[in-house]
Amino acid sequence: MTRATILLALLAVLSFAARSFLPPGSEAAGSGAALAFGFLLLAAIQAGHVLKPLGMPQLTGFILCGAVFGPEILGLITPPMVHDLTVVKRVAVGLIALTAGCELNLRSLLPRMRSIVSVGAGALLMAFTLVFLLLLVLSFWLPFTRGFDAGQRVVVSLVCATVLTALSPAVVMGIISETRSKGPLTELALSIVVLADLVIVVTFSLTESAVRWSFPGEGGPGGWGALAAHVGGSIAAGVAVGTIVWLYVWRVGVKIGLFIFGVCFVVAEAGGALHLDPLLVGLSAGLFLENVSPVSGHEVIRHTEPAAMPTFAVFFAVVGAEVHLRLFLAVAGWAVLLAVVRATGLLVGCRVGARLSRLDPDLARRIHTGMLPQAGISLGLANLIAEQFPPWGEGAATLLLGTILVSQLVGPIVFRSALARAGEIGKRDAPEASEARITEPESTADVELRRG
Amino acid sequence: MGHGHVARVVMGLSAALALAVLAAHPEVRRLERRFGITVLLSSGLPFLLIGAIFRQRAVGILTPEILGDLRPAFEFGLGWIGFVVGMSFDVRKLDRMPRSLGGVIALESIVPMATTAAACSIALVLLGVPWRNAGFARDALVFAACAAPSAPIAIEAFGHVVGERRARMVGAITDVDEVTALVALGIVAILFRPTVENVLWVLPSSAWFLVTLGLGGVLGIVTYVLLRGAKTATEELALLLGAVALCAGMAEHLALSVPVVCAIAGALLANLPLSDEIGVRKILVEVERPLYLVFLVVVGASWNPWAWQGWAVAPVFVFARVAGKWLGARLARRVGSDELPDAADLALALMPQSPISIVVIVAAATLYAHTGHADRIGWGINAVIIGGILTELVVRALQRLSGRARLPTEAPEPVPVPLPARTHSSGEEP
């Protein structure tokens, strides 16, 4: 921890020193992306090491690192640098989603499908309902809904509730990968967040259509056609990507990790132009590989594993750098209230769903923790609202981003703690000899938690 | 972007990816060794052409947006290649070579640098470049730096021709003359600082020399400390990626030469007692080729093959360089030990142009992109790329004329030969 803290400080001092070359506010001639990438990667890993002995996930360290060194606090990473790292983020989303899809074997999940659907549906419905009702009440006080009629208040609350109901496959996958967890809680949480992602995308498109109907003349094209193209196109592209990876692994079989990385770059570039969701493309590709193709998804995971740490570190550090802390402070009270209500909804919904499906009580007690984190998709949807509905969208996005920030920071800590209590941390297959050069001891905090 | 255009972009990028896969295939490497061709011809040229063709407005695959997205990979690639060159500068390895090797390396790299600088200067004057201009000397020195590096040889195959010990000697020479090229580039970057407006650091050249050395050194030590703390191979890879990106990014931010600063960091790391040296070298070599290919695509996109001046300078560059290598090898053979191959074999082994030459010219072009004379930088890129291809043909012809066996060249093997175990004074495991 001391070593990591010193290294973190050293990296920060070096970067501050280098920035003194140019006057404040001016940018270097190059893109600055290499500097931002290198600094964020190294600093995020060290920040993760600083938090790990405290029993906190490294992922929280990555996010905090991005937030602290990002544009809003220390400003070492400037807004143009964050923008330049967008492509890295898009590639990372694709890679994380592909890995998440490869983890899910639907055949082995089939016996638990009742629990997955019951718990997932219960949690989403309850969280959505509670958050919607709270937003509807708050709409009488919130500045951005001032002057709206009743119908408009309802549709705005609906679309915002959809965003706040979104879960985070990226965070769940990040925690699972970092802790090398395996067990019922790990599998159930991952299955629910992946399937919920699809439900959220569809629901958002429906509620967004309702908003367009309520606010004529606002936003771009939408409706069922756009929804079908978005979801269907993303899934079809995912299957195509899965087929290409399968053929490559089968016929070529060398440098698989690099090939997948290249495919994710092509998907990120083309997906942006074709309005495909990289998360859905990656998930569909992963699910196809694990469940349809003769190639094992775990084989793909094994080859992409070396890229996992840099991918997660940079992705979450960029997510942290994009955090609008000043905006958050303006809505902190409402945001915390919404996050608490969301968490309560997830908890109650999970308990109800678990009782209906007769889920193991220990699992039922902990499963909601996997649904608390929010990141990628919810951030994307919040920003979409800001872009699509300019008169009131920015205010709504500020509130949403503030709420997401709370879940983003608290969620990973709670989920990791639940995994530790369930005894699932470190239960995945031991890494290969070349991977585990030095055996990494479990942190004392994990052992303490498990005893507790 | 229309759907037809998107489809073209997807197909184009997929084709580039497929070609990258093909180029990285072990069979391609085997063919390179068998036919004695460098990576520049076997894989490099197709990527340069892809970059050049895809960039054309009529084709429209490498749009400015996509090139912008590839830009970080390009900067990072420059740094990574510099880092790999620096890592080859292992003093312990050189200590095991005969003492005369220093003189041999100096002669075989400095003589072609001098002949190339002189010949290319004359060519530039004939093309109407005013020689009193400071940029003239800079361009001549950049050409000189491009002339130094020789393509790495296939030690095992060359060993069958001249003996293993001699082949290893030549291998060490080709490793170090890549370092010489970067040293020359570093000197150019310090003496001819690019103009950057509104900077707060206004320093003399001597101070920039210290800044370059100091930055490379500090980042090398930071990389070492980071890698010492790595718990898994995955973390080692992540830290190495981050360290090289940080080196490249900082060098670019301070308007220093990216591969030079990264090479200094790499050289320092190579000479420190790393706990997993073989693992680090393996990562460096495995990632090098894909990065080099992406680098070539971006270079190809900015390459202007229609600049006729580049075609005019290319034969001069090749002639001066090949003649310099021949003369350098003859002189080197005189000062060198008997463990060197004979002068003709040595000259033929050192003549093929290293892909690092393109890295050097592109690094210089990147550094001076905003300082004017962009047309001359374009000529240089043209001359060195065409020069690399011409050199292959000239060397082939010379080999046939002299009746010598074909001397194979190769890209570095993915798995490096481990260094002998060192004595660890601290008592830690080697």
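Treat the numbers as computed from the prediction; the structure is a model and nothing was measured.

Reading the values: rules and limits
- In this numbering scheme, every chain counts its residues from 1 along its sequence in written order.
- Chain A is the first chain written and ligand 1 is the first ligand written, with later ones labelled in order.
- Where local features are concerned, this predicted model is filtered to residues with pLDDT of at least 70; where side-chain atom pairs are given and counted, the filter is 80 or more; whole-chain, interface and lining totals use all residues.
- Side-chain numbers come from the whole structure's heavy atoms, not from hydrogens or water.
- Every helix listed is a DSSP run of H or I at least four residues long, and every strand listed is a run of E at least two residues long, numbered separately from the N terminus.
- Partly exposed describes any residue whose relative accessible area lies between the buried limit of under 20% and the exposed limit of over 50%, with all areas from a 1.4 Å probe on protein chains only and scaled to the type maximum.
- The criterion used for residue contact is that any of the two residues' heavy atoms lie within 4.5 Å.
- Note on areas: these come from Shrake-Rupley sampling with a 1.4 Å probe, and a residue is covered only by the protein chains present in the view.
- Every residue gets a pLDDT, meaning the predictor's confidence in that residue, from 0 to 100.
- Any carboxyl oxygen of Asp or Glu within 4 Å of a side-chain nitrogen of Lys or Arg constitutes a salt bridge here.
- Two parts lose some accessible area (1.4 Å probe) when they are put together, and adding that loss for both gives the buried area.
- In this scheme, patches are assembled from residues that exceed 30% relative accessible area and form no salt bridge. Like charges are connected within 9 Å, while nonpolar side chains (Val, Leu, Ile, Met, Phe, Trp, Tyr) are connected within 5 Å.
- Throughout, nonpolar core names a set of buried Ala, Val, Leu, Ile, Met, Phe, Trp, Tyr and Cys residues whose side chains join them through atoms within 4.5 Å.
- In this analysis, axes come from line fits to C-alpha atoms, helices being fitted only over the stretch in contact, and the angle between any two N-to-C directions falls in the range 0 to 180 degrees.
- Note on terminology: angles under 35 degrees are roughly parallel, angles over 145 are roughly antiparallel, angles of 65 to 115 are roughly perpendicular, and the others are oblique.
- In this scheme the crossing of two helices becomes right-handed for a clockwise turn of the near helix relative to the far one and left-handed for an anticlockwise turn of less than a right angle.
- Only the six-membered ring of Trp is used, alongside the rings of Phe and Tyr, when aromatic pairs are assigned; centres must lie within 6.5 Å, and planes under 30 degrees apart are stacked while those over 60 apart are edge-to-face, with the rest tilted.
- The criterion is that NZ of a Lys, or CZ of an Arg, lies within 6 Å of the ring centre and within 35 degrees of the ring normal, and then a charge sits over that ring.
- Under the grouping applied here, Gly and all other residues not named as nonpolar or charged are polar, the nonpolar ones being Ala, Val, Leu, Ile, Met, Phe, Trp, Tyr, Cys and Pro and the charged ones Asp, Glu, Lys and Arg.

Caption draft 1: Fine view of the overall build of chain B. A tally of helices and strands in chain B yields 17 helices and zero strands. Per-residue burial for chain B yields a buried fraction of 58% across its 430 residues. Across chain B, contacts joining residues at least 24 apart in sequence account for 84% of those joining residues at least 6 apart. As displayed, chain B has an accessible area near 16900 Å², and 66% of this comes from carbon and sulfur atoms.

Caption draft 2: Quick look at the side chain of T179(A). Topologically, T179(A) is positioned in helix α9 (residues 169-179). Excluding residues within four positions of it along the chain, T179(A) makes contact with R416(A), L419(A), I425(A) and G426(A).

Caption draft 3: A look at the environment of L164(A). Residues and elements named next belong to chain A. Among the structural elements, L164 can be located in helix α8 (residues 150-165). Residues L164 and W141, spaced 23 residues apart in sequence, show a C-alpha to C-alpha distance of 19 Å. Once residues within four sequence positions are removed from consideration, L164 is found in contact with V131, L338, R342, Q374, L400, T403 and I404.

Caption draft 4: Local environment of the confidence of the model for chain B. Residues and elements named next belong to chain B. For chain B, the mean per-residue pLDDT works out to 79, and 83% of the residues sit at or above 70. Ranking the helices and strands of chain B by mean pLDDT puts helix α12 (residues 258-270) first, with 93, and helix α2 (residues 26-35) last, with 64. Scored below 50 in pLDDT, residues 411-430 makes 31 contacts in the model with residues more than four places away or belonging to other chains. At the level of chain-chain contacts, confidence expressed as ipTM amounts to 0.81, with global pTM at 0.81.

Caption draft 5: Region of the structure containing the pattern of salt bridges. Residues and elements named next belong to chain A. What the rule picks out here adds up to ten salt bridges over all chains. Notably, a salt bridge pairs R302 with E299, separated by 3.2 Å at the nearest N-O pair. Of this pair, R302 and E299 are both found in helix α14 (residues 297-304), three residues apart, which corresponds to roughly one turn of the helix. Residue class for R302 comes out partly exposed when judged on its relative accessible area of 38%.

Caption draft 6: Geometry of the interface of chain B and chain A. If you look at the interface, chain B gives 56 residues, while chain A gives 54 residues. Between chain B and chain A, roughly 4800 Å² of surface is buried when both sides are summed, and carbon and sulfur atoms account for 74% of that area. Per-residue buried area on chain B facing chain A is highest for K231(B), T234(B) and H253(B); these three make up 14% of the total on that side. One can count zero salt bridges joining chain B with chain A.

Caption draft 7: Structural context of a nonpolar patch on the surface. Residue and element names in this part refer to chain A. A cluster of nonpolar side chains, V137, F140, W141, W334 and L337, forms an exposed patch at the surface whose accessible area comes to about 540 Å². Of note, W141 is situated in the loop between α7 (113-138) and α8. A residue is classified by how much of its surface remains accessible, and W141, at 56% relative accessible area, is exposed.

Caption draft 8: Main features of the environment of R55(B). Residues and elements named next belong to chain B. Structurally, the position occupied by R55 is in helix α3 (residues 39-55). Distance in space between the C-alpha atoms of R55 and A106 is 40 Å, their sequence separation being 51 residues. With residues near it in sequence (within four places) discarded, R55 still touches L62, L67 and A301.

Caption draft 9: Structural detail: the nonpolar core. Grouped together as the largest cluster of nonpolar side chains are 280 residues, with contacts concentrated most on F316(A), W392(A), W80(B) and F295(B). Counting residues per element, this core draws most heavily on helix α9 (residues 164-191) of chain B, which supplies 14 residues. Counting six residues, the second-largest nonpolar core is a separate cluster that includes A335(A), A339(A), L405(A) and V406(A).

Caption draft 10: Geometry of the packing of helix α8 (residues 155-162) of chain B against α9(B). All names here are of chain B. Contact geometry of α8 with α9 gives a least axis separation of 7 Å together with a crossing angle of 130°. Taken together, the axes of α8 and α9 are oblique relative to one another. Considering how the two elements wind past one another, α8 and α9 form a crossing that is right-handed. Seen from α8, the contacting residues are I155, F158, G159 and V162; seen from α9, they are E164, R166, A167, R168, V170 and G171.

Caption draft 11: Molecular detail of the packing of aromatic side chains. Under the definition given, this model contains 13 aromatic pairs over all chains. Directly above the ring of W208(B) sits R193(B), whose terminal nitrogen or CZ lies 3.6 Å from the centroid.

Caption draft 12: Region of interest: unusual backbone geometry. With phi around 55°, R358(A) is a residue other than glycine that occupies positive phi space. Turning to its location among the elements, R358(A) is positioned in the loop between α16 (325-357) and α17 (361-366).

Caption draft 13: Structural view of the packing of helix α4 (residues 64-87) of chain B against helix α13 (residues 277-302) of chain B. All names here are of chain B. Running from amino to carboxyl end, α4 crosses α13 at an angle of 135°, the nearest separation of the two axes being 8 Å. Comparing the axis directions of α4 and α13 gives the class oblique. In this structure, the crossing between α4 and α13 has a hand that is left-handed. Residues belonging to the contact of α4 with α13 are distributed by class as follows: 22 nonpolar, one polar and two charged.

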